[in-house]
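The lines below spell out each chain.
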Amino acid sequence: MSFSGKYQMETHENFESFMEAIGVSELIQESKDFKSISEIEETGDHFKVTVTTGTKILTNSFTIGQETELETLTGEKVNSVVMREGNKLTAFMNGTEYVTELTDADTLVNTLSMPGISYKRTSKRM
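Residues numbered from 1 in each chain as written. Predicted model: local features only at pLDDT ≥ 70, side-chain atom pairs only at ≥ 80, totals over all residues. Heavy atoms only, no water.

### A word on the sheet that holds strand β1 (residues 5-13)
Then comes step 1: The sheet built from nine strands is open, its strands ordered β4-β3-β2-β1-β11-β10-β9-β8-β7 with antiparallel pairing. What marks the edges here is a single partner per strand, and that holds for β4 (56-63) and β7 (83-85). Along the sheet, successive strands turn relative to each other by an average axial angle of 20°, direction set aside.
Then comes step 2: One ladder, built from eight bridges, connects strand β3 (residues 46-53) with β4; its direction is antiparallel. (Pairing = 2+ DSSP bridges. Helix = DSSP H or I, 4+ residues; strand = E, 2+ residues; numbered from the N terminus. Axes fitted to C-alpha atoms, helices over the stretch in contact; angles between N-to-C directions.)

Below you can see the structure in the form of structure tokens.
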């Protein structure tokens, strides 16, 4: 299955607690009422992922298995390697595991986990 496409957030779990845990509580008020849009461009092993939440736009480009600089939710830029296993992309950045999974042809689930807390966002293909 190809990740390519646009996805609109339908639900999210543990948003406020997770944002507080990673130190971006100021984003809670400005982001909690917006349904973020994720756009993924997949060309072979190369990906470009753009997430738009209100006026905030986060874009990361990477090639599977190669170290690259990625921007985190806090705006920090870190080096990481994104790995792919079937319909699942995984990366580790600053103690947080980022997992993006296509659970079916139209459902994208993002899970961010760190010790003691996780955040899950489910989006549907537009």
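So that's the structure; there's more coming.
### Here's the deal with the UniProt feature "domain: Cytosolic fatty-acid binding proteins" (unreviewed entry) in the protein chain
Then comes step 1: Taking the numbering used here, the UniProt-annotated feature "domain: Cytosolic fatty-acid binding proteins" (unreviewed entry) corresponds to residues 5-22.
Then comes step 2: From the first C-alpha to the last, residues 5-22 spans 28 Å; its make-up is 39% helix and 50% strand. (UniProt positions renumbered as here; feature names shortened; annotations may be inferred.)

### Comments concerning the pattern of salt bridges
Then comes step 1: Per the counting criterion, the structure on display carries two salt bridges.
Then comes step 2: Residue E42 pairs with R84 through a salt bridge whose shortest N-O separation is 2.7 Å. A residue pair is termed long-range when its members are at least 10 positions apart, and E42 in strand β2 (residues 37-43) and R84 in strand β7 qualify at 42 residues.
Then comes step 3: As a salt-bridge pair, R125 and D106 come within 3.4 Å of each other at their nearest N and O atoms. Taken together, the residues span a long stretch of sequence, with R125 in strand β11 (residues 117-125) and D106 in the loop between β9 (96-104) and β10 (107-114) at a distance of 19 residues.
Then comes step 4: The exposure class assigned to D106 is partly exposed, which follows from its relative accessible area of 40%. (Salt bridge = Lys/Arg side-chain N within 4 Å of Asp/Glu carboxyl O. Buried < 20%, exposed > 50% of the residue type's maximum accessible area, 1.4 Å probe, protein only.)

### Side note on the pairing of β11
Looking along a regular strand, one sees side chains alternate from face to face of the sheet.
Then comes step 1: For β1 and β11, the ladder comprises six bridges, and the chain directions are antiparallel. Across the sheet, the residue bridging to M9 is S123, located in β11.
Then comes step 2: Linking β10 to β11, which pair antiparallel, is a turn of two residues; within it G116 sits at a positive phi near 90°.

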